[in-house]
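Examination of the molecular architecture
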Amino acid sequence: MSQYIERYQRRKLISSYFSVVLSIALVLFLLGALGLLVLNTKKMADHFKEQITISVFLKDNAKPVEIEQLQKSLALAEHTKSADYVSKEDAAEQYSEDIGENFTDFLGYNPLKNSVDVNLKADFVTPEQIEAIADDIASKTYVDEVSYDKPLISLLNDNVRKISLWILVASAIFTLIAVLLINSSIRLSIYSKRFIIKTMQMVGATKIFIRRPFIWTNIKLGMLGATLALIALGVVLYYVNSNFPELNLFQDLVVLLALFVGVFALGVVISWASTHIATQRFLNLRTDDLYY
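Read on for an overview of the structure. Computed from a predicted model, the values in this text were never measured in an experiment. (Residues numbered from 1 in each chain as written. Predicted model: local features only at pLDDT ≥ 70, side-chain atom pairs only at ≥ 80, totals over all residues. Heavy atoms only, no water.)

1. What about the sheet that holds strand β1 (residues 53–58)?
Heads up, the rule is: At least two DSSP bridges between two strands are needed for those strands to be called paired. Here a helix means four or more residues in a row that DSSP labels H or I, a strand means two or more in a row labelled E, and each is numbered from the N terminus. To obtain each axis, a line is fitted to C-alpha atoms, and for helices this fit is confined to the stretch in contact; angles are then taken between N-to-C directions over 0 to 180 degrees. The contact definition used throughout considers only heavy atoms, calling two residues in contact when any of these lie within 4.5 Å.
On the basis of which strands lie adjacent, the open sheet formed by four strands has the order β2-β3-β1-β4 and antiparallel pairing. The open sheet has two free edges, formed respectively by β2 (80–86) and β4 (143–147), since each of these has just one partner strand. On average, each strand axis in the sheet is inclined to that of its neighbour by 20°, with strand direction left out of account. Sheet strands in contact with helix α2 (residues 64–76) are β1, β2, β3 (115–120) and β4, and its direction is about 160° off that of β2. Most of the contacts of helix α5 (residues 127–138) go to β4, to which it runs at about 170°, and overall it touches β1, β3 and β4.

Here it is as structure tokens:
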């Protein structure tokens, strides 16, 4: 009979530890994923900004030396990420592939123009700076037209600001939720041992002596939960980087390491603080109050 009770208590204890570790791991994983999103918000926004193309259409009488000089000057400009020359023949071929038929045969001539496609660095993709760059390019005598999507640029910048703000708000809310959930799991674990705590106190054990094993146990559970969360986070990070290599998620290894250390430290600190507060609460309760 005593062996059965002992096995039952052991299973109950393992189940209690498992629920604490699982809750800590899940909460810290979500918090870490949100941290990755916060750290890479600008990088993702920059990636989309740099996909916007300014098309510089050239006059038919533009000389090859002028075209080459324009392309080189644009490529070397501080605001340029890339500048690629597209001949009217290449443009017609690409357009024919897009629409599924050769429109030059139908028209009898190629109405397209030679052009230089310019992609700017993300810091210069604002309505004011792009307009100034476009006006400077358009002032050249052999440039026929400078075209870009003005509404898209304004919309992109507005959305980036809004998304960044909401991500920061969500980060603060999720951090608070993480603290509350981990605290609740640990408090429930301590609650099941409230009679043991009070018994130890009644036989003369000091509060520090009573708290120490509970704190150390839950710190180890917090470390285990944080480790599981970081492993899952690393797998997700590797998967996203493999499928979206242009984001270069592993470029800032110091920042990633700081995030992982922060998540691990948060698991330990919350476990310690929650255990300390929970045990102190039951130590201060009267014996009659333990039944409520």
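Moving on, there is more to tell.
2. Quick look at the environment of Ile 186
As a reminder, the rule being used: Per-residue accessibility, obtained with a 1.4 Å probe over protein chains only, is compared with the maximum for each type, and a residue is labelled buried under 20%, exposed over 50%, and partly exposed between these values.
Examined against the element boundaries, Ile 186 turns out to sit in helix α6 (residues 150–191). We classify Ile 186 as buried; its relative accessible area is 0%. As for Ile 186 and Ser 274, which are separated by 88 residues in sequence, their C-alpha atoms are 6.5 Å apart. Setting aside residues up to four positions removed in sequence, Ile 186 forms contacts with Val 20, Asn 218, Ile 270, Ser 271, Ser 274 and Thr 275.

3. Considering the layout of surface pockets
Put simply, the rule reads: Only protein atoms enter the calculation, which uses a 1 Å grid: trapped sets of points that fit a 1.4 Å probe without letting it out are cavities, open sets showing protein on both sides within 12 Å along at least five of seven lines are pockets, and any residue with an atom within 4 Å of a point is a lining residue. Grid points are joined across faces, edges and corners, and a volume is the space filled by probe spheres set on the points. Side-chain classes are defined by residue name, with Ala, Val, Leu, Ile, Met, Phe, Trp, Tyr, Cys and Pro counting as nonpolar, Asp, Glu, Lys and Arg as charged, and the others, Gly among them, as polar.
Taken as a whole, the second largest pocket spans an internal volume of roughly 210 Å³. If you go around the second largest pocket, you meet eleven residues; those closest to its centre are Ala 33, Leu 36, Leu 37, Val 240 and Leu 249. For the lining of the second largest pocket, the elements supplying multiple residues, two or more each, are α1 (2–49) and α8 (207–243). The leading source of residues in the lining of the second largest pocket is α1, at five residues. Grouping the constituent residues of the lining of the second largest pocket by class yields ten nonpolar, one polar and no charged.

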